[in-house]
Amino acid sequence: MIAPVQPRPLSSAKAPAPAGVNPMVRQLGLQEVMERDATVPDPGQDITGDAHTESMLAGHVRLAWARNKLSKVRIDIKLLSDLRARRGVYSAAQISAM
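Residues numbered from 1 in each chain as written. Predicted model: local features only at pLDDT ≥ 70, side-chain atom pairs only at ≥ 80, totals over all residues. Heavy atoms only, no water.

A.B. asks: Would you take a moment to explain the overall build of the protein for this structure?
C.D. replies: A count of helical and extended segments in the protein gives three helices and zero strands. Starting at the N terminus and walking to the C terminus, you meet the elements of the protein as α-α-α. Expressed as a percentage of its 98 residues, the buried residues of the protein come to 2%. Total accessible area computed for the protein in this model is approximately 9,900 Å², and 62% of it derives from carbon and sulfur atoms. (Helix = DSSP H or I, 4+ residues; strand = E, 2+ residues; numbered from the N terminus. Buried < 20%, exposed > 50% of the residue type's maximum accessible area, 1.4 Å probe, protein only. Areas by Shrake-Rupley, 256 points an atom, 1.4 Å probe, with all protein chains shown as cover.)

Structure (structure tokens):
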């Protein structure tokens, strides 16, 4: 009879994480938190007072809104046409063409 093989413990294996702790999330110690909070972030560039930038942003928003509004109107027309076809009702344009 062959003796069963016992698995050997891996020396590089880590102990399982305690319940409720996500191993993918790094936990910082107090010293690491203090070092992280001590650094001052870059203040960046203030663009709120620039009229040119605000007008460019407003133009972009208006263009995007108009493009999306046109797409919505096209979809609404197509859906209305499909609904009328399903119900067997003619549109005003189809009636005048007859």
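From this point, the narrative continues.
A.B. asks: Where do I start with the pattern of salt bridges in this structure?
C.D. replies: Oppositely charged side chains are able to pair whenever their charged atoms sit close together. The tally for this structure, following the rule as stated, stands at three salt bridges. Here Asp37 ties to Arg36 by a salt bridge, and the two come within 3.3 Å at their closest N and O atoms. On the basis of relative accessible area, Arg36 is assigned to the partly exposed category, the value being 49%. One salt bridge in this structure joins Lys72 and Asp76, with 3.0 Å as the shortest N-O distance. Residue Lys72 and its partner Asp76 are located together in helix α2 (residues 51-87), separated by four residues, close to a single helical turn. Here Lys72 falls in the partly exposed class, since its relative accessible area comes to 47%. (Salt bridge = Lys/Arg side-chain N within 4 Å of Asp/Glu carboxyl O.)

A.B. asks: Before we go on, may I ask you to explain a nonpolar patch on the surface in this structure?
C.D. replies: A grouping of Tyr90, Ile95 and Met98 is seen on the molecular surface, where their side chains present a nonpolar patch of about 380 Å² in accessible area. On the secondary structure map, Ile95 appears in helix α3 (residues 92-97). Take Ile95: its relative accessible area is 52%, and that puts it in the exposed class. (Patch = residues over 30% accessible without salt bridge, like charges linked within 9 Å, V, L, I, M, F, W, Y side chains within 5 Å.)

A.B. asks: What exactly am I supposed to notice about the environment of Ser81 here?
C.D. replies: When you line up the elements, Ser81 lands in helix α2. Under the relative-accessibility criterion, Ser81 is labelled partly exposed at 39%. Linking Ser81 and Ser91, residues 10 residues apart in sequence, is a C-alpha distance of 7.7 Å.

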